[in-house]
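# Architecture and fold: a report
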Amino acid sequence: MAKLHFRYGAMNAGKTTILLQTAYNYEERGQRALIIKPSIDTKGENKIVSRIGLEHQVDVLVNEQDSIFEKIEDYIEKTSCILVDEAQFLKRKQVEELFFITKTLDIPVIAFGLRTDFKAEGFEGAARLLCLADEIEEMPTICRCGRKARFNARFIDGLFQTEGESIVIDDGKKVEYEAVCGVCYTKKMKEVKNKK
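A brief report on the enclosed structure follows.

Conventions used here
- Note on numbering: residues in each chain are counted from 1, in written sequence order.
- Thresholds applied to this predicted model are a pLDDT of at least 70 for local features of residues and 80 or more for the giving and counting of side-chain atom pairs; totals over whole chains, interfaces and linings are not thresholded and use all residues.
- The side-chain numbers reported here are obtained from all heavy atoms of the structure, hydrogens and water having been left aside.
- Note on pairing: two strands pair once DSSP finds at least 2 bridges between them.
- A helix here means a DSSP run of H or I that spans at least four residues, while a strand means a run of E at least two residues long, and both kinds are numbered starting from the N terminus.
- Each reported salt bridge corresponds to a side-chain nitrogen of Lys or Arg within 4 Å of a carboxyl oxygen of Asp or Glu.
- Buried residues are those whose accessible area, probed at 1.4 Å on protein chains only, stays under 20% of the maximum for their type, while exposed residues exceed 50% and partly exposed ones sit between those limits.
- Two residues form a contact once any of their heavy atoms are found within 4.5 Å.

All right, on to the sheet that holds strand S10 (residues 159-160) then. Two pairing modes exist for strands in a sheet, parallel and antiparallel, and in both the strands are linked by backbone hydrogen bonds. Taking strand neighbours across the sheet as the criterion, the three strands line up as S10-S9-S11 in an open arrangement whose pairing is antiparallel. Each having just a single partner strand, S10 and strand S11 (175-180) make up the two edges of the open sheet. Relative to S11, strand S9 (residues 151-156) is paired through six bridges, and the arrangement is antiparallel. If you follow Ala153 over to S11, its bridge partner there is Glu178.

As structure tokens, this is what we get:
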């Protein structure tokens, strides 16, 4: 029986690069890897783009109200695997649909994404994936200090952020994210608190 996999990590852990490599491996063997991306992720528009320059066309863009079953209906017959980028942005119901796809259609699903936002709070999609995934794998990355990075720091115009909406891709300002360890994350939080 096919499995639902969740591969998560902090920013810049190489999640998109591994997704693209997985798609390439399927395609090299003459099989179809169906690539899904939530439309809220506007980076690359209708492409998956990794920071090392690799890219691939997205097969299905999903809005938060979309049924994944309905969106992939025309692709099912020729699909060997479903790959999901930025899975943290999925809604609870959409993650449940991915789980049911693995169990009823016997198509493996590999979802890649963040576990938590910049406030160290869980994303809806990631939280449901942590509950339903048959296999969960953390993809490690490192902080500037050399320790394992588990947190996602948000900087707007160079300033560390502790408040705001969970999802900000581009609001007209320079929005950047960086993977940091718990020690560096805590130091940044204390710095902001002490300035208030």
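All chains considered together, the criterion is met by twelve salt bridges. Note that Asp134 and Lys103 form a salt bridge whose closest N and O atoms lie 2.7 Å from each other. With Asp134 in the loop between helix H4 (124-132) and strand S8 (135-138) and Lys103 in helix H3 (residues 92-104), this pair connects stretches of sequence that are 31 residues apart. Looking at Asp134, the relative accessible area reads 36%, which means it is partly exposed. Salt bridges sharing partners connect three or more residues here, namely Arg92, Glu96 and Arg128.

The subject of this paragraph is the environment of Asn12. Tracing the chain through its elements places Asn12 in the loop between strand S1 (4-8) and helix H1 (15-28). Residue classification places Asn12 among the partly exposed residues on the basis of a relative accessible area of 36%. For the pair Asn12 and Lys193, spaced 181 residues apart in sequence, the C-alpha to C-alpha distance is 27 Å. When residues no more than four places from it in sequence are discounted, the contact partners of Asn12 are Arg51, Thr141 and Tyr177.

Scope: geometric values only; no functional claims are made or implied.
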